[in-house]
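Examination of the molecular architecture
One letter stands for each residue in the lines below.
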Amino acid sequence: MGKFWAVFFTLTSVIIFIVSWMSPAMQWWFPGDHKAYSTLGGKIDDLFYLILVIVSVTFVGTSAALGYALWKGAAIRPDEKVWFSHGSHSLEVIWTIVPSAILLFIALYQLDVWAEYRMKAVAKEMSSASRPMIAVAEVTARQFEWRIRYPANGKTLKPTPQPDDVYTVNELHVPTGALVSITLRTDDVQHAFFVPELRVKQDAVPGKMIPVWFDATAPRSYELLCAELCGWGHYKMKAVLVAQSEDDFDAWKEEASARQFDDGYRQPAE
Ligand SMILES: [Cu+2]
């Protein structure tokens, strides 16, 4: 019977390993069609795969050790004395140092991507005229929707609302390909701005205005979700991020502005 469990647990590990390795190819892990639609997103995926390799090697090693121990244990005759081991100093040292070294390696390896994510590395690019950063809107999360405030065409985003600002709810428009930034706020509790296909995620913290940047590489719609359990209606805190060409973006904003400031009065036909 003991051997059955040794085989059972080893086989389970093998199946888990195969399913996990198939997952990226089967598109079970990443949302949408599996591609990252931002320049930084690809680098974030690479980090993910690096960690996948590390945990896979660890998993295979520990599973093999588990299978071996179970098999050896099952093979012991009933009259044979079992051997207990406890408190190996060298083992303790090894399994403290090895994971620490791996963690340190990951921490150092991801520094560049993190710096870019936190805007430091793009600061230079931002200041250059070739690819300026566009402060596209202020996004305010609240229970349970996203309120978005854009500056009027030709104006820059101000920290306080302006009379000609354009407003939308649950619909964030940005120009495709451009480096765009939003200012993230919350009106009530903590929320999180999450666009899975762009690999962008940032908490909205009460009392803070947090800049978030990204570039959407394809002109299409993306899901914008709240990734922080923020109350009973958290599940419906879903919006759409529309990436469109700069001309379309300007035209859309012009139209949204006209609609917003229209008082409904029509000139009678002459
Ligand atoms: Cu929320």
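Just above, that's the structure.
Heads up: these notes are all about the structure in this document. Here the structure is a predicted model, which is why all the values come from computation and not from measurement.

Calculation rules
Residues numbered from 1 in each chain as written. Predicted model: local features only at pLDDT ≥ 70, side-chain atom pairs only at ≥ 80, totals over all residues. Heavy atoms only, no water. Helix = DSSP H or I, 4+ residues; strand = E, 2+ residues; numbered from the N terminus. Rg over C-alpha atoms; globule rule 2.2 N^0.38 Å. Buried < 20%, exposed > 50% of the residue type's maximum accessible area, 1.4 Å probe, protein only. Contact = heavy atoms within 4.5 Å. Lys, Arg positive; Asp, Glu negative; His and termini not counted. Charge placed at Lys NZ, Arg CZ, Asp CG, Glu CD. Expected span 1.5 Å × (residues − 1). Donors = N, O, S within 2.8 Å, 3.2 Å for Na, K, Ca; no water. Tetrahedral: all angles 85-135°; square planar, octahedral: opposite > 155°, others 65-115°. Pairing = 2+ DSSP bridges. Axes fitted to C-alpha atoms, helices over the stretch in contact; angles between N-to-C directions. Patch = residues over 30% accessible without salt bridge, like charges linked within 9 Å, V, L, I, M, F, W, Y side chains within 5 Å. Areas by Shrake-Rupley, 256 points an atom, 1.4 Å probe, with all protein chains shown as cover. Salt bridge = Lys/Arg side-chain N within 4 Å of Asp/Glu carboxyl O. Polar contact = N/O pair within 3.5 Å; in protein donor to acceptor, adjacent residues only side chain to side chain. Phe/Tyr/Trp six-rings, centres within 6.5 Å; stacked < 30°, edge-to-face > 60°.

**Topic: the overall build of the protein**
- Regarding its fold elements, the protein presents six helices and ten strands.
- Relative to its length of 270 residues, the protein is extended, with a C-alpha radius of gyration of 26 Å against a globular reference of 18 Å.
- Along the longest, intermediate and shortest principal axes, the C-alpha atoms of the protein span 110 × 40 × 35 Å.
- The 270 residues of the protein split such that 33% are buried.
- In the protein, 65% of the contacts between residues at least 6 apart in sequence involve partners at least 24 apart.
- With 25 positive and 30 negative side-chain charges, the protein shows a spacing of 8 Å between the two charge centroids.

**A word on helix H2 (residues 39-74)**
- Under the 1.5 Å per step criterion, the end-to-end length of H2 is 53 Å for 36 residues, consistent within 8% with the ideal 52 Å.
- If you check which residues of H2 are buried, you get Leu40, Gly41, Asp45, Leu47, Leu52, Ser56, Ser63 and Gly67.
- The secondary structure elements touched by the buried residues of H2 are helix H1 (2-26), helix H3 (89-109), helix H4 (111-117) and strand S8 (210-214).

**Comments concerning the coordination of the copper ion**
- Every protein donor of the copper ion is listed here as His191 (ND1), Cys226 (SG), Cys230 (SG) and Met237 (SD), and their distances to the metal cover 2.1 to 2.5 Å.
- In this structure, the copper ion is coordinated by four donor atoms arranged in tetrahedral fashion, with angles at the metal of 93 to 123 degrees.
- Every donor residue of the copper ion comes from the same chain, spaced as H-x34-C-x3-C-x6-M. With a gap of 46 residues between them, histidine 191 in strand S6 (residues 191-195) and methionine 237 in the loop between strand S9 (221-226) and strand S10 (238-244) connect regions that are remote in the sequence. Just as histidine 191 is buried, methionine 237 falls in that class too.

**Looking at the environment of leucine 224**
- Of note, leucine 224 is situated in strand S9.
- Leucine 224 gets classed as buried once you look at its relative accessible area, which sits at 0%.
- C-alpha separation for the pair leucine 224 and alanine 36, spaced 188 residues apart in sequence, amounts to 14 Å.

**Quick notes on the sheet that holds strand S3 (residues 166-169)**
- The strand order S3-S2-S1-S5-S8 describes an open sheet built from five strands, whose pairing is mixed. Edge positions in the sheet fall to S3 and S8, since each of these pairs with one other strand and no more. Here the average twist between neighbouring strands, direction ignored, is 25 degrees.
- Note that strand S5 (residues 179-186) and S8 share five bridges and pair antiparallel. Within the sheet, the bridge partner assigned to threonine 183 lies in S8 and is proline 211.

**What to know about a negative patch on the surface**
- A surface patch of negative charge is lined by Glu246, Asp247, Asp248, Asp250 and Glu254.
- Note on placement: aspartate 247 falls in helix H6 (residues 246-261).

**Considerations on the environment of tryptophan 146**
- For tryptophan 146, the location among the structural elements is in strand S2 (residues 145-150).
- Classification of tryptophan 146 by relative accessible area gives buried; the value is 0%.
- Considering only alpha carbons, one finds tryptophan 146 and arginine 185, 39 residues apart in sequence, at a separation of 9.9 Å.
- Polar contacts involving the side chain of tryptophan 146 include one to the main-chain carbonyl oxygen of methionine 237, which spans 3.4 Å.

**Quick word on unusual backbone geometry**
- The amide bond that connects glutamine 143 to the next residue, phenylalanine 144, takes the cis arrangement and shows omega of 0 degrees.
- As for its position among the elements, phenylalanine 144 is in the loop between strand S1 (133-142) and S2.
- Phi is positive for asparagine 170, which is not a glycine, with a value near 55 degrees.
- Positionally, asparagine 170 belongs in the loop between S3 and strand S4 (171-175).

**Examining the packing of aromatic side chains**
- Evaluation of the coordinates by the stated rule reveals 15 aromatic pairs.
- Centre to centre, the rings of phenylalanine 193 and phenylalanine 214 are 6.3 Å apart; their planes meet at 25 degrees, and the pair counts as stacked. You can see phenylalanine 193 sitting in strand S6 and its partner phenylalanine 214 sitting in strand S8, a full 21 residues away along the chain.
- Under the relative-accessibility criterion, phenylalanine 193 is labelled buried at 0%.

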